[in-house]
Amino acid sequence: SMLWGPSRKRFIGTIVEEEDAKERDFGTIGACLAVTCGGGGTNDEMDGNKEWRRGVGCHMLRVHNVKAVKQAVMVMDAIHKAD
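All values reported here derive from a predicted model rather than from experimental measurement.

**Quick word on unusual backbone geometry**
Glycine aside, a negative phi is what most residues show, and trans is what most peptide bonds show.
Thought 1: Positioned with a positive phi, Arg8 is a non-glycine residue whose angle comes to about 60 degrees.
Thought 2: Among the structural elements, Arg8 can be located in the loop between strand E1 (3-4) and helix H1 (10-16).
Thought 3: Overall, the relative accessible area of 22% leaves Arg8 in the partly exposed class.
Thought 4: The phi angle at Glu17 is positive, at roughly 55 degrees, despite the residue not being glycine.
Thought 5: Of note, Glu17 is situated in the loop between H1 and helix H2 (25-36).
Thought 6: The class for Glu17 is exposed, based on a relative accessible area of 73%.

Below you can see the structure in the form of C-alpha cells.
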C-alpha cells in the first residue's frame, strides 16, 4: 500500500495559481483522483485498457478536506465500476 499526502501543497498552488493554501482543495481533489485512479493494477488487468485508468494505485490519502476528497473518490469509483 502507498500513502500520499498532497493536501494543499505548494505544487498544487503553483499549478492552479493559488497562493492561499486553504483555497487549494479543488486542486487537492484532482491530485488525489490522479493517484488513486487505477487501484494499483496494470493497464492490461483493467477492462478496456482506458488511458484514464493509469493512476499509480495509491490506497491511502492524507488530506485536510476529508469529506470532499471522499466524495470525489466515491464518484470516480462508481464511474469506473459502471464502465
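Next comes the rest of the description.
**Section: helix H3 (residues 66-82)**
Thought 1: A rise of 1.5 Å per residue sets the reference length of H3, with its 17 residues, at 24 Å; its end C-alpha atoms lie 24 Å apart and thus fit the reference within 8%.
Thought 2: When H3 is considered as a whole, its buried residues turn out to be Val69, Ala72, Met76 and His80. Burial along H3 is one-sided: seen end-on, the buried residues are contained in an arc of 75 degrees. Opposite its buried face, H3 presents the exposed residues Val66, Lys67, Lys70, Met74, Val75, Lys81 and Ala82, each directed more than 90 degrees away.
Thought 3: For H3, the elements touching its buried residues are H2 and strand E2 (60-61).

Definitions and cut-offs
Residues numbered from 1 in each chain as written. Predicted model: local features only at pLDDT ≥ 70, side-chain atom pairs only at ≥ 80, totals over all residues. Heavy atoms only, no water. Helix = DSSP H or I, 4+ residues; strand = E, 2+ residues; numbered from the N terminus. Buried < 20%, exposed > 50% of the residue type's maximum accessible area, 1.4 Å probe, protein only. Expected span 1.5 Å × (residues − 1). Arc of directions from axis to C-beta. Contact = heavy atoms within 4.5 Å.

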